[in-house]
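# An overview of the molecular structure
Chain by chain, the residues:
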Amino acid sequence: MKICIVGAGAIGGYLGAKLALAGEAVTLIARGSHLEAIKKNGLKLLMADGSSQIVTPMATNDIQSAGTQDVVILTVKAHSVAAIAPSLPALYNPYTMVVTAQNGVPWWYFCQHGGEYEGTRIQSVDADGIIEANIGAERAIGCVVYPATEIIEPGVIKHIEGDRFTLGEIDGSKTERIQLLAQTLKKAGFKAPIRNQIRTEIWIKLWGNVAFNPISALTGATLEDICRYPLTRELARQMMTETQAIAEKFGIKFGITLEQRINGAENVGAHKTSMLQDIESGRATEIDAIVGAVAELGKLTQIPTPYIDAIYASVKLLEATKVRI
């Protein structure tokens, strides 16, 4: 398959390398020193078991030059999608799938959702409708990303743990195209389960991210530190309680308890969340998609979110004063 990875950073590079090794025709969209290193030396993947491999897929910073694709996997951060969205149609043939692999509430959440909120645009994620206009709900495939990876130097991706990319059509159907996509990912060594309730899977991951990511960004603490310190554990619990109430308003049923979700985060150990890594690197964070969108959905459903609102405001100020946006 012709597969374009738009945003070949830590997760995108990991995906692209493994897919290329499996024989797919991969194009990486990258930039800066990372792109230059890939062009010069190839993309090196260091696996958690200590093995390493180098691949040499096509790599460019020019989406327009990549040509049409069977699959486009968007692995840029949520706040970067609107800026690149107008360039994406150059990658499409009539059947191109666009896999949305961002954290937080996706722009398509209320597309083909049903019920009273059908068609509602989430302003925190797609304020002007630019993303929806340039991707379209008919192309979108939901994806929840679980692996942990990092760029340890330009052109070198380190895989830390995890290999699951959960997929779902936004209308819940099990189409031929999503089965083909799942088989392609499995052939490359990934777990790629298909869920007919992809929104539930999104909420389960978001349930923890909405609390742990911003708390870590504000404090510099790891997951285990946040969970083991009584005051921040309680703060996370309050934020997650607000989040659960909103999700349940949309018919989401959580299969685990809140305490189990917190304990799962604690068991990850001394891990810095992606939001903390972004703050430390002077990059903009996914605060709007992960926290702002949940606050927005609280207002939509008339569910108060005082803890979420306070932490959201604090991280937004941190970004405004500390981050080179």
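Quick caveat, the model's predicted, so the values are computed rather than measured.

With mixed pairing, the 4 strands of this open sheet are ordered in space as β4-β3-β10-β9. Looking along the sheet, the strands with just one partner apiece sit at the ends: β4 (52-55) and β9 (148-153). On average, adjacent strands in this sheet sit at an angle of 25° to one another, irrespective of strand direction. Relative to β4, strand β3 (residues 43-46) runs antiparallel, the two being bridged by 4 bridges. Directly across from leucine 43, in β4, lies its bridge partner valine 55.

This next bit is on the pairing of β3. Residues Leu43 and Leu45 point to one face of β3 and are all buried, whereas Lys44 and Leu46, pointing to the other face, are not buried. In this sheet, strand β10 (residues 156-161) lies alongside β3 in parallel orientation, the contact comprising 3 bridges. Across the sheet, residue lysine 44 finds its bridge partner in β10, namely valine 156.

Orientation of helix α9 (residues 230-249) relative to helix α10 (residues 258-268), taken along the N-to-C sense of each, is 130°, at an axis distance of 11 Å. Here α10 runs oblique to α9, going by the angle between their axes. Between α9 and α10 lies a crossing of right-handed hand. Listed contacts from α10 to Arg233, Arg237, Met240, Thr241 and Gln244 of α9 are Leu258, Glu259, Arg261, Ile262, Asn263 and Glu266. Its residues assigned to classes, the contact of α9 with α10 shows 3 nonpolar, 3 polar and 5 charged.

For the coordinates displayed, the defined rule picks out 15 salt bridges. With a shortest N-O distance of 2.7 Å, glutamate 169 and arginine 177 are connected by a salt bridge. Between glutamate 201 and arginine 195 there is a salt bridge, and its shortest N-O distance comes to 3.4 Å. Where salt bridges share partners, they join Glu224, Arg228, Arg233, Glu234, Arg237, Glu259 and Glu266 into one cluster.

With that out of the way, let us pick up the packing of aromatic side chains. Summed over the entire model, instances satisfying the criterion amount to 9 aromatic pairs. Relative to tryptophan 203, the ring of tyrosine 109 lies with its centre 6.3 Å away and its plane at 90°, an arrangement referred to as edge-to-face. One end of the pair, tyrosine 109, is in the loop between β7 (92-100) and α4 (123-126); the other, tryptophan 203, is in helix α7 (residues 198-219), with 94 residues separating them in the sequence. Judged by centre distance (5.3 Å) and plane angle (85°), the ring pair of tyrosine 117 and phenylalanine 250 falls under edge-to-face. Pair noted here: tyrosine 117 is in the loop between β7 and α4 and phenylalanine 250 is in the loop between α9 and α10, with a separation of 133 residues, a long-range link. With respect to burial, tyrosine 117 and phenylalanine 250 carry one shared label: buried.

The next point concerns helix α13 (residues 306-322). Between the first and last C-alpha of α13 there are 24 Å, a value that for 17 residues agrees with the 24 Å anticipated at 1.5 Å per step. Buried residues of α13: Ile308, Ile311, Val315, Leu318 and Glu319, and no others. Down the axis, α13 shows its buried residues gathered within 100° of arc, on one side only. Exposed residues pointing more than 90 degrees away from the buried face of α13 are listed as Pro306, Leu317, Ala320 and Thr321. The inward-facing, buried residues of α13 contact α7, α9, α11 (274-280) and α12 (287-301).

What follows deals with unusual backbone geometry. For glutamine 112, which is not glycine, the phi torsion reads 55° and is therefore positive. Within the secondary structure layout, glutamine 112 lies in the loop between β7 and α4. Taking the relative accessible area as the measure of exposure, glutamine 112 reaches 38% and is therefore partly exposed. We note that glutamine 302 has phi near 60°; this positive angle belongs to a residue other than glycine. Residue position: glutamine 302 is located in the loop between α12 and α13.

All right, on to the nonpolar core then. Val6, Leu74, Leu88, Leu91, Trp203 and Phe212 are the most contacted members of the largest nonpolar core, which has 71 residues in total. Take this core: its biggest share by element is 10 residues, from α7. Setting aside chain neighbours within four positions, we find leucine 74 in contact with Val6, Val81, Ile84, Leu88, Val98, Val99, Thr100, Ala101, Gln102 and Ile135. In this structure, Ile5, Tyr14, Leu28 and Leu167 belong to the second largest nonpolar core, which totals 36 residues.

It is worth spelling out the sheet that holds strand β1 (residues 2-6) at this point. Ordered in space as β5-β2-β1-β6-β7-β8-β11, the 7 strands form an open sheet in which the pairing is mixed. The outermost strands of the open sheet, each flanked by one partner alone, are β5 (58-60) and β11 (165-169). Put simply, the sheet's adjacent strands are angled 20° from each other on average, direction ignored. Across the sheet, helix α6 (residues 176-187) touches β1, β6 (69-74), β7, β8 (140-145) and β11, and the angle it forms with β11 is around 170°. Packing of α7 onto the sheet brings it into contact with β8 and β11, and relative to β8 it is tilted by some 35°.

Cut-offs applied
- All residue numbers here refer to positions counted from 1 along the written sequence of the relevant chain.
- Only residues with pLDDT of at least 70 are given local features in this predicted model, and only at 80 or more are side-chain atom pairs given and counted; all residues enter the totals for whole chains, interfaces and linings.
- Each side-chain value is worked out from all heavy atoms of the structure, with water and hydrogens disregarded.
- When DSSP locates at least two bridges between a pair of strands, those strands are taken to pair.
- Counting from the N terminus, the helices are the DSSP runs of H or I reaching at least four residues and the strands are the DSSP runs of E reaching at least two.
- Here an angle of 0 to 180 degrees is reported between the N-to-C directions of two axes, which are lines fitted to C-alpha atoms, with helices fitted over the stretch in contact.
- Buried means the residue's accessible area, taken with a 1.4 Å probe over protein chains only, is under 20% of the maximum for its type, while exposed means over 50%, and partly exposed covers the values in between.
- Each angle gets one of four labels, with under 35 degrees taken as roughly parallel, over 145 as roughly antiparallel, 65 to 115 as roughly perpendicular, and the rest as oblique.
- Rotating anticlockwise by less than a right angle from the far helix to the near helix defines a left-handed crossing, while the corresponding clockwise rotation defines a right-handed one.
- Two residues form a contact once any of their heavy atoms are found within 4.5 Å.
- When residues are grouped by polarity, Ala, Val, Leu, Ile, Met, Phe, Trp, Tyr, Cys and Pro land in nonpolar, Asp, Glu, Lys and Arg in charged, and all others, Gly among them, in polar.
- A pair is scored as a salt bridge if a Lys or Arg side-chain nitrogen falls within 4 Å of a carboxyl oxygen belonging to Asp or Glu.
- We call Phe, Tyr and Trp rings a pair once their centres come within 6.5 Å, taking the six-membered ring for Trp, and we label the pair stacked below 30 degrees between planes, edge-to-face above 60, and tilted otherwise.
- Each helix should span, by expectation, one fewer than its residue count multiplied by 1.5 Å.
- Here, the arc refers to the directions that run from the helix axis to the C-beta atoms.
- Definition used in this section: a nonpolar core is a set of buried Ala, Val, Leu, Ile, Met, Phe, Trp, Tyr and Cys residues joined via side-chain atoms within 4.5 Å.

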